[in-house]
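A closer look at the structure
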Amino acid sequence: MPGYTKRLGRELSDLKTNPAVGISVFQADDFRIWLIDIQVMDNNPLYVGKTFRLQFRFTPTYPIEAPEVQFIRSLGREVPMHPHIYSNGHICLDVLGSGWSPIQTVGSVSMSIQSMLAGNDRNERPPDDARYVASAPISPKQTRFVYHDDNV
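One structure accompanies this document, and this report is about it. Since the model is a prediction, treat every value here as computed from it, not as a measurement. (Residues numbered from 1 in each chain as written. Predicted model: local features only at pLDDT ≥ 70, side-chain atom pairs only at ≥ 80, totals over all residues. Heavy atoms only, no water.)

For helix α1 (residues 3-17), spanning 15 residues, the distance from its first C-alpha to its last is 21 Å, which sits close to the expected 21 Å at 1.5 Å a residue. All of the buried residues along α1 are Y4, T5, R7, L8, E11, L12 and L15. The buried residues of α1 occupy an angular sector of 155° when the element is viewed end-on, so they sit on one face. In this structure, α1 carries G3, R10 and T17 as exposed residues pointing more than 90 degrees from its buried face. On its buried side, α1 packs onto β1 (23-27), β2 (33-38) and α2 (106-118). (Helix = DSSP H or I, 4+ residues; strand = E, 2+ residues; numbered from the N terminus. Expected span 1.5 Å × (residues − 1). Buried < 20%, exposed > 50% of the residue type's maximum accessible area, 1.4 Å probe, protein only. Arc of directions from axis to C-beta. Contact = heavy atoms within 4.5 Å.)

Within the structure shown, the criterion is met by seven aromatic pairs. Where W34 meets F58, the ring centres are 5.0 Å apart and the plane angle is 70°; that geometry is what we call edge-to-face. A residue pair is termed long-range when its members are at least 10 positions apart, and W34 in strand β2 and F58 in the loop between β3 (52-57) and β4 (68-72) qualify at 24 residues. Each member of the pair, W34 together with F58, is buried. Taking 6.2 Å as the distance between ring centres and 80° as the angle between the ring planes, the aromatic pair formed by F52 and F71 counts as edge-to-face. Residue F52 is located in strand β3, and its partner F71 is located in strand β4; the two are separated by 19 residues in the primary sequence. Neither residue differs from the other here; F52 and F71 are each classed as buried. Grouped by ring-pair contacts, the aromatic residues W34, F56, F58, Y62 and W100 constitute a single cluster. Here the guanidinium or amino end of R53 rests over the ring plane of F26, the centre of that ring lying 3.5 Å away. (Phe/Tyr/Trp six-rings, centres within 6.5 Å; stacked < 30°, edge-to-face > 60°. Lys NZ or Arg CZ within 6 Å of the ring centre and 35° of its normal.)

Note on pairing: side chains with opposite charge can pair once their charged atoms come close. Per the stated rule, a full pass over the model turns up seven salt bridges. The partner of R53 in a salt bridge is D37, and the shortest N-O contact between them spans 2.6 Å. Linking R53 in strand β3 with D37 in strand β2, this pair joins segments that are 16 residues apart in sequence. A relative accessible area of 6% means that R53 is categorised as buried. Residue D37 is classed as buried on the basis of its relative accessible area of 7%. R122 is the salt-bridge partner of E124, the closest N and O atoms lying 3.1 Å from each other. By relative accessible area, R122 is classed as partly exposed at 29%. (Salt bridge = Lys/Arg side-chain N within 4 Å of Asp/Glu carboxyl O.)

Set out below in structure tokens:
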């Protein structure tokens, strides 16, 4: 068993036995793609009563390299409105790019995204959403995001 699958096996076991509040495994049938549901657990009016779905894609270089993470639309799941989340589900968050560390886990990344949503009070997309989505690569990891706004 390759090292990354052992690591993901431990992470999956931990996510299922010790889930963080508002974070749950929807689907994790293999070590390639996982679907994680998140809810914002405060009274933020932008997200009350909503559940969002994250897709994690792993390669054999995990955890040395970050997984590909994005929001996906599915039945009853939308891409949340946020100044750092594009309408195609791509997320501009440093821990998914240059701020990645192998100490991060699926759970810690999910909590970072959950916290990012909880701290938001703006019902808007990034200012360049239409332009970005029109020419965005399929994988958000192919985008070189500039992390310049820590206020959201």
